[in-house]
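Examination of the molecular architecture
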Amino acid sequence: MSTGSLDPGSLPTNYSTLPLTKKCRTSVSERLPQPESTSGRCLFPTLPLELLAEILIQTNSPRDVLSVARTSKFLCSTLVCNPAANFIWRTVRKKCLPHALPDPTPNFSEAAYAAFVYDGGFCGVCKKSTNEFYSSFATRIRLCRDSRCRKDIVGKHLVDVTSMFQGRARDEIWIPYVESTRCFGSTLDKAWPETPTVLMRKSEWERFRAEYAAFSALSPPPSEELRKACTDQIAKFPKVMELAVALQKWKCSYDTMHRAIKAKNEMVAKSRALLEGWDIHDLLNCQSYGSLHRHKTYVLEEVTPRDFLSIKLLVEAQLLKMQVHRENRENEDSYRQRRNDVKQYYNRLRSAGTVVPSLYEFRKLSVMKTMQGSVTGSRPNSEGLATDMKNSALVAELVTADLKTWMESAREKLSELLGFPRWKSASKTKLHPLDRITARFRCQRCGKVAKRYETERCLDFPGVCAHECPNHDKKDKRPVDWSVDRFVKDEKASNAVARLLTFIGITDEDVNAHNTVKTLGARIRCLSCEHASVVMDFPTFVGHAHRHDDMQVAILPDGEVPEHAFESGLSAKLMDKGFKPQKLRSEANYRCRHCVPANSNVDGEGRVSTAEPATKESQTEDQKKRRRNKKNSSRLMDFNALRSHLKERHGIEIVSDEDFFAQTPVKWQS
């Protein structure tokens, strides 16, 4: 039998019942071919120490060696923890710019010494992170570039102890102190040991004073441990101060060279920008050249023509991109300003009482399109646009003509809805059907009205023109295009207003009809609301008409004051946001008008008494139950409970001013 086949007789009898083994899933890396652009393993850490040393020795600062050592754990172990790599640090330290760093004290390793000199830290005053050198290497005080920190450091964080030791402070203090009085200035003045001034940290001074008192005391004598610790500090003190002074001088040389290199590189950038016809500000902010300029200045090297030629094409492309971006930003700012000018002009027209469409439709007018321009197209002078739109008679005439053209089709269509197609009249005392008080419309699409029409819950002709339907698509913020076909006549409101005008004996054609209904005040009573005295003013009456199919009204006699006064705008104020409306809503001070019969009286304690006397003997059980329910519904409620009551008991979804009254007058001002 060959090895490539199986003998059926050799299979076990329960072969079919043996569990099937799972196949090993092939990893993604094995199944998918790797793209050619994928970078391979970094070979830099695999270099022998000799080659790595040859590369790092060519740098000009231990800061570069320190950065390489911090890139990986392996390089850190190779350069920091390996004593054989100390010659790299030592060689770079001796050839760094502006001149060789002084030799460290024995407590420093080469890597720790580089970190001590070049690393940043936190400002000693404001505690913000900064990359600046130590201002005082002896006390390890670091300051940021804020001038306020340099002013506050001496007075708030240091103490002058020169006079406390009667001129012998320099000989008796073994705690490192500020090596020079000009450590926090631009130049180095007299340094230790010549300077007579001794500035110490306040915290170090308190610790030193306690140790000095114990060390100098004769009885009891200092302990052996304290004596040994102070003796060691006294021995180390001169070496620490000498290193601090040497580092301070090296730092001054570094700052001087840095300023010189920075000035030279800026001069090279200016000459290069002038030669190529570029803007110097754009060149220095260009990503490629700006990073080259800053890096060269940071490492104290000059920018050479060879450095620039290698990135010239990239710089050209980036500068062109910056110019295009700046031009687009200017176009957008100008376009935004022109749109704001058009909006201000639109608001002035509305304030003057001009019938205008919504702002979205107003911008579509031909003259407004020309004035606004576009982002990428023509750009009118944005600085003089606001003045021209405000003072120019030509602009006013063009806008008036455009508005007239826009409204012609709307007026014709809406007039047909009111039953006056192609209406014309030579009379100057008859109002146009759209200007009459009975011209009421509603939007079929959304059924909503603007805030100024919330009380009436329908639209007149100016409201129809300015109406904006909200967009149901939440992702699309643009308003819906206006169309006159969305509006229909509001039959309930129109019929109710016509019946009111007939009751008071005037017609809707009268030019004084608007003023006449305003003089009625809150004397309009709804007779369709049975068993309740619901009185209101005219705007509330128009909104209330939507509750009845055939609303019946009456006018209270002039001078007759309702038992429960009508307060216009009360519901809107209570529904407003803020602490005061919220507090007033929570007060149990409101009563439902629909539950108070027209002939009832309300006493000061909130009890309802009807004018129909009834004895307990003559009342049936049903009558008693209805009477109890009426008493409960006539109780004082807070506003939220009142809204729930009106919805559940009377089917009123939107609470209006005629539906309730305040038992005690509401005080809006504390």
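Summarised in this report is the structure supplied together with it. (Residues numbered from 1 in each chain as written. Predicted model: local features only at pLDDT ≥ 70, side-chain atom pairs only at ≥ 80, totals over all residues. Heavy atoms only, no water.)

With that settled, consider the overall build of the chain. Across its full length, the chain carries 26 helices and 15 strands. A burial count over the chain gives 36% of its 670 residues as buried. Total accessible area on the chain stands at roughly 41300 Å², and carbon and sulfur atoms take up 52% of it. (Helix = DSSP H or I, 4+ residues; strand = E, 2+ residues; numbered from the N terminus. Buried < 20%, exposed > 50% of the residue type's maximum accessible area, 1.4 Å probe, protein only. Areas by Shrake-Rupley, 256 points an atom, 1.4 Å probe, with all protein chains shown as cover.)

Two measures describe an aromatic ring pair: the distance that separates the ring centres and the angle between the ring planes. Under the counting rule described, the total for this entry stands at 22 aromatic pairs. With a centroid separation of 5.3 Å and an interplanar angle of 40 degrees, the aromatic rings of phenylalanine 116 and tyrosine 134 are classed as tilted. With phenylalanine 116 in helix H6 (residues 110-118) and tyrosine 134 in strand S3 (residues 134-136), the pair connects residues that are 18 residues apart, well separated along the chain. Both residues of the pair, phenylalanine 116 and tyrosine 134, count as buried. Here the aromatic cluster, defined as three or more aromatic residues joined through ring pairs, consists of Phe108, Tyr113, Phe116, Tyr134 and Phe137. A cation sits over an aromatic face here: arginine 142 above tyrosine 134, 4.1 Å from the ring centre. (Phe/Tyr/Trp six-rings, centres within 6.5 Å; stacked < 30°, edge-to-face > 60°. Lys NZ or Arg CZ within 6 Å of the ring centre and 35° of its normal.)

Here we take up the nonpolar core. If you look at the biggest cluster of nonpolar residues, it comprises 36 residues, and the most contacted ones within it are Tyr345, Phe362, Met368, Val399 and Leu414. Those elements that provide at least two residues to this core are helix H14 (312-351), helix H15 (359-362), helix H16 (366-372), helix H17 (382-391), helix H18 (393-418), strand S7 (441-443) and helix H19 (461-465). No other element matches the 8 residues that H18 contributes to this core. Filtering out sequence-adjacent residues up to four positions away, methionine 368 remains in contact with Val342, Tyr345, Phe362, Arg363, Met389 and Val399. In this structure, Phe108, Ala191, Met200 and Leu247 belong to the second largest nonpolar core, which totals 34 residues. (Core = buried A, V, L, I, M, F, W, Y, C linked by side-chain atoms within 4.5 Å. Contact = heavy atoms within 4.5 Å.)

Turning to the packing of helix H9 (residues 202-216) against helix H10 (residues 224-276), a few remarks are in order. Relative to each other, H9 and H10 sit at 120 degrees, their axes nearing to 11 Å. Looking at the two axes, H9 sits oblique to H10. Remark: the crossing between H9 and H10 carries left-handed chirality. Along its contact with H9, which presents Arg207, Glu211, Ala214 and Phe215, the element H10 presents Leu226, Arg227, Cys230 and Gln233. Partitioned by chemical class, the residues of the contact of H9 with H10 number 4 nonpolar, 1 polar and 3 charged. (Axes fitted to C-alpha atoms, helices over the stretch in contact; angles between N-to-C directions. Parallel < 35°, antiparallel > 145°, perpendicular 65-115°, else oblique. Left-handed = near helix turned anticlockwise from the far one by under 90°. Nonpolar A, V, L, I, M, F, W, Y, C, P; charged D, E, K, R; others polar.)

Before going further, it helps to examine unusual backbone geometry. The step from leucine 97 to proline 98 runs through a cis peptide bond, and the omega angle for that step is 5 degrees. Its place among the elements puts proline 98 in the loop between helix H5 (86-94) and H6. Despite not being glycine, arginine 140 shows a phi value in the positive range, around 55 degrees. By the secondary structure assignment, arginine 140 is in the loop between S3 and strand S4 (141-142). Notably, leucine 300 is not glycine yet its phi reads approximately 60 degrees, a positive angle. Tracing the sequence through the fold places leucine 300 in the loop between helix H12 (287-298) and helix H13 (305-309).

If you trace the backbone, alanine 439 turns up in the loop between H18 and S7. When its relative accessible area of 1% is taken as the criterion, alanine 439 is described as buried. Through-space distance from the C-alpha of alanine 439 to that of aspartate 490 is 8.3 Å; in sequence the pair is 51 residues apart. Aside from chain neighbours lying at most four places away, what touches alanine 439 is Leu418, Pro433, Leu434, Leu459 and Asp460.

Let us now look at the packing of H12 against H14. Between H12 and H14, whose axes approach to 7 Å, the crossing angle comes to 120 degrees. Taken together, the axis directions place H12 and H14 in an arrangement best described as oblique. Counted together, Gln287, Ser288 and Tyr289 of H12 and Leu314, Val315 and Gln318 of H14 form the full contact between these two elements. Its residues placed into classes, the contact of H12 with H14 shows 3 nonpolar, 3 polar and no charged.

In short, the description is geometric, and any link to function would need to be established separately.
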